Structure formats: C-alpha cells, structure tokens
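Per-entry structural report
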Amino acid sequence: MNHITTTASEQAKALVGRHYRLTDTYEVGREKIREFARALQDGHPAHRYEDAAAGLGFDGLVAPLTFSSIVLMLMQRKMFESVLSGYDLGQVLQTEQSIQVHRPIVAGDEVRCDSYIESFRQFGDKDFMVTRNVLSNQHKEVLQTAHTTAVAQTGVDLAADLRAAVEGVIMTGQSAADRAEAAAARETGDDGGLVESFDEELRPDSSDEPRRPRTAPAFEDLSVGMEIAPRTVLLSRGDLVNYAGVSGDSNPIHFSDVVARSAGLPDVVSHGLLTMGLGAGYLTSWLGDPAAVTRYGVRFAGFAPVPAAEASAIEFRGRVKQLDPDRRAATIALTATCGERKLFGRATADILLR
C-alpha cells in the first residue's frame, strides 16, 4: 500500500468507537416527500395527500421508508470529506444497508443525524467500515436506526483515465480540488458541517403505545411460503438522473457512460439505494400502509445496467418467510432481478399487520 492508502486505513481504524453529528438539522418538507416518492415510482396517497396521511393517523405527509437515505448520504459525504479524507470517493461503495423504524418520518420533522463508527476490518486490499446512524427529530424522538456497511478498495490507485473522467463530469463542489479546498478551510476553524459529539445517545421510547397497523392484508391472510404478486419496474436514464438530484447521490457511474466504462462497468448502472427504495415501495404498495414496516435490510449483490436509449426492467418478488402470531408480525424475503442479474444478495423486511 502507498502512503496515502495507509493513512486512509489508519484514519478509519482510529475512528472506531467515536460519535459524530451533523451540525445542522434536515427539515423534512412536504414537496421533498412528494419528489422522493415520485423518484421511487411510489404512488401511495399518504406520500402525496394530507387527508390520506391523516386517514393513517399522521399530522403530515408520510415519507417513503428509505427517505432517510437523503440524510444518510449527506452524513456519509461529510464523513469522507473530513475525518475520512484519505479515501478516494471513487473507490467507496455501499454494500449493505438496514433500517430499523421506530417512528415514520413525516413532513415537518427536523431530523438530526448522529453517526457511531462501530467497526473496521480489512480483507486484502479492501477496507470495510460499519456505521450506526441514529435519526431523531426536534422532540428528541428516535425515528430510525440505520446500519451502513461501506467498502473502499485501497490496494490500487484510481486509474488515471477514470480519475480524469470523474473530474470532467462530477457535480460542482465535489471534485478532488474542491475537497482539498474544503479540507484547508477546516484547518482554519470551519467544521465542514460535522462535529465529534460526546453526548449521551438517544434511545427509542419503549413506553410508547405501538401504532395499530392499517394494512390491506390481515395477519390471518398470510401463511409461511405465501408468494406476493411480483411487480416489474422500468428504469430509464431519466429516472437515474432524477433520483440522483432528489437523493443527493451524484456518483457519475449512474449517469456518465465514460465514467461507468472507465470503472469497468458494462454500462451506466442504477443506484443501490434506488433499487432498495423501489423494493420498499413494492412492499408497502402490497401492504397499503407505508408505516407498517418496522425493519428493512438489503445486502447488495449487483447493479442494474441502464442503456442510454431504452429502459431496464427490474422485477421484485416477495415471500412470507416467518409469522409471529403474538405480535401479528411477519418477515418477508424480497428479491430483485434485472434480466439474469441478481441485485439483492439478501433482503428481508419485518412488518406488522392488522
């Protein structure tokens, strides 16, 4: 490993056990929820109309399950711009994401994000880091706990042609030069939007009465092994560009042929969190209640290539894996495929039913 790579790994290893917080909150707006739902092709009325959300017991529009990825992406970017600045963002991929839902995110929430570095390990020329991210609102209520596994390839330098391609198309403010300028500013006292925190961790309130689900299927309608009707979603380049803008995930492998091919990919590919969000929409569309999911986790196995002139088809399927009659709960196993490509290595969701 070269000196820069060693420094990056040492940076990561030294952070285990530490706690960081975004210095500003993220205010959840009604129109942003609508934009995000549209980007996920999620037509549930509670994401668009206040009366539909009120019918489910909420004071404002309910955000789609993976809406939190906007805040998590912001946290990840701030981490790699500051305390993990030794890594090249072009070599960092998210390999696994899980979300534990304590309360749905709704319009008007002012979301705070606290990130805890839980572990770091190395396998060959790859560094793996697991972070636990706690999202809470202005009332100090915990909304979600999300675990993210990111991997960085550290044994080789970013190829010169790939670096040039990325620098040529990357969003203004995110180039290597921009990151270096931001790092210099932090040395003069600018916190860069991220600070180390020593506050006690917020915990979900276990005394809260559990919300009564308002699902279309009742618990008695399900049986172990039961298949959920499949759904096919079409993804075009326009969908990828729209999701990049709405979510803040501006990695150019999702819109630039030159960058994608320089990175060794067969074509521009979909965002992993986009396919995860589409999978969540498939599930909540069947449930009829977007707040009935209590946990959702995906291990990513591959990307869906999206050609320039035609849409790619992604098929989602679900199967009832386990039932818990005491809690009127179920575990659903999900799959996502694009042609012969398997997009999810493992994906499960825990749901509550009426």
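Residues numbered from 1 in each chain as written. Predicted model: local features only at pLDDT ≥ 70, side-chain atom pairs only at ≥ 80, totals over all residues. Heavy atoms only, no water.

**Here we look at the environment of Arg21**
Its location among the elements puts Arg21 in strand β1 (residues 19-22). With relative accessibility at 13%, the residue Arg21 sits in the buried group. When sequence neighbours within four positions are dropped, the list of residues in contact with Arg21 reads Met75, Arg112, Cys113, Asp114, Gly193, Leu194, Val195, Ser197 and Asp199. Within the local environment of Arg21, its side chain forms a polar contact with the side chain of Asp114, the two groups lying 2.7 Å apart. (Helix = DSSP H or I, 4+ residues; strand = E, 2+ residues; numbered from the N terminus. Buried < 20%, exposed > 50% of the residue type's maximum accessible area, 1.4 Å probe, protein only. Contact = heavy atoms within 4.5 Å. Polar contact = N/O pair within 3.5 Å; in protein donor to acceptor, adjacent residues only side chain to side chain.)

**A short note on the nonpolar core**
As a rule of thumb, soluble globular proteins bury nonpolar side chains together. By size, the foremost hydrophobic cluster in this structure holds 78 residues, and its most contacted members are Phe67, Tyr87 and Tyr296. With 8 residues, the top contributor of residues to this core is helix α9 (residues 272-287). Once residues lying within four places of it in the same chain are set aside, the contact partners of Phe67 are Tyr26, Val28, Lys32, Ile33, Phe36 and Ile105. Formed by 7 residues, the second largest nonpolar core is a distinct cluster that contains Ala46, Phe58, Val106 and Ala291. (Core = buried A, V, L, I, M, F, W, Y, C linked by side-chain atoms within 4.5 Å.)

**Here's the deal with α9**
Quick reminder: α-helices carry 3.6 residues per turn. Residues three or four places apart thus point the same way. The first and last C-alpha atoms of α9 sit 23 Å apart over 16 residues, in line with the 22 Å expected at 1.5 Å per residue. A large share of α9 lies buried, amounting to 14 of its 16 residues. Positive backbone phi, at 80°, marks Gly288, one or two positions downstream of α9. (Expected span 1.5 Å × (residues − 1).)

**Let's talk about the side chain of Asp289**
Checked against the element boundaries, Asp289 lands in the loop between α9 and β9 (293-300). At a separation of 2.9 Å, a polar atom in the side chain of Asp289 contacts the main-chain amide nitrogen of Ala291. Among residues more than four places away in sequence, those in contact with Asp289 are His44, Leu56, Arg211, Pro213, Arg214, Thr215 and Thr284.

**Side note on the pairing of strand β5 (residues 126-136)**
The element β5 is largely enclosed, with a buried count of 10 among its 11 residues. Between the end of strand β4 (residues 110-123) and the start of β5, which pair antiparallel, lie 2 residues, with Gly124 showing a positive phi angle near 60°. Between the antiparallel neighbours β5 and strand β6 (residues 142-153) lie 5 residues, among them Lys140 with a positive phi of about 60°. (Pairing = 2+ DSSP bridges.)

**Notes on the packing of helix α2 (residues 30-39) against helix α7 (residues 237-247)**
Orientation of α2 relative to α7, taken along the N-to-C sense of each, is 150°, at an axis distance of 9 Å. The angle between the axes of α2 and α7 places the two elements in the roughly antiparallel class. Judged by the twist between their axes, the crossing of α2 over α7 is left-handed. Within the contact between the two elements, α2 uses Lys32, Glu35, Phe36, Arg38 and Ala39 and α7 uses Asn242, Tyr243, Gly245, Val246 and Ser247. Its residues placed into classes, the contact of α2 with α7 shows 4 nonpolar, 3 polar and 3 charged. (Axes fitted to C-alpha atoms, helices over the stretch in contact; angles between N-to-C directions. Parallel < 35°, antiparallel > 145°, perpendicular 65-115°, else oblique. Left-handed = near helix turned anticlockwise from the far one by under 90°. Nonpolar A, V, L, I, M, F, W, Y, C, P; charged D, E, K, R; others polar.)

**Some words on the UniProt feature "domain: MaoC-like" (unreviewed entry) in the chain**
What UniProt calls "domain: MaoC-like" (unreviewed entry) maps, in this numbering, to residues 231-303. End C-alpha to end C-alpha, residues 231-303 measures 18 Å, and it is 45% helix and 18% strand. (UniProt positions renumbered as here; feature names shortened; annotations may be inferred.)

**Details of a nonpolar patch on the surface**
Taken together, the side chains of Val169, Val241 and Phe255 make up a nonpolar region of the molecular surface, amounting to roughly 220 Å² of accessible area. Note on placement: Phe255 falls in the loop between α7 and α8 (257-262). Look at Phe255 and you get partly exposed, because its relative accessible area is 32%. (Patch = residues over 30% accessible without salt bridge, like charges linked within 9 Å, V, L, I, M, F, W, Y side chains within 5 Å. Areas by Shrake-Rupley, 256 points an atom, 1.4 Å probe, with all protein chains shown as cover. Salt bridge = Lys/Arg side-chain N within 4 Å of Asp/Glu carboxyl O.)

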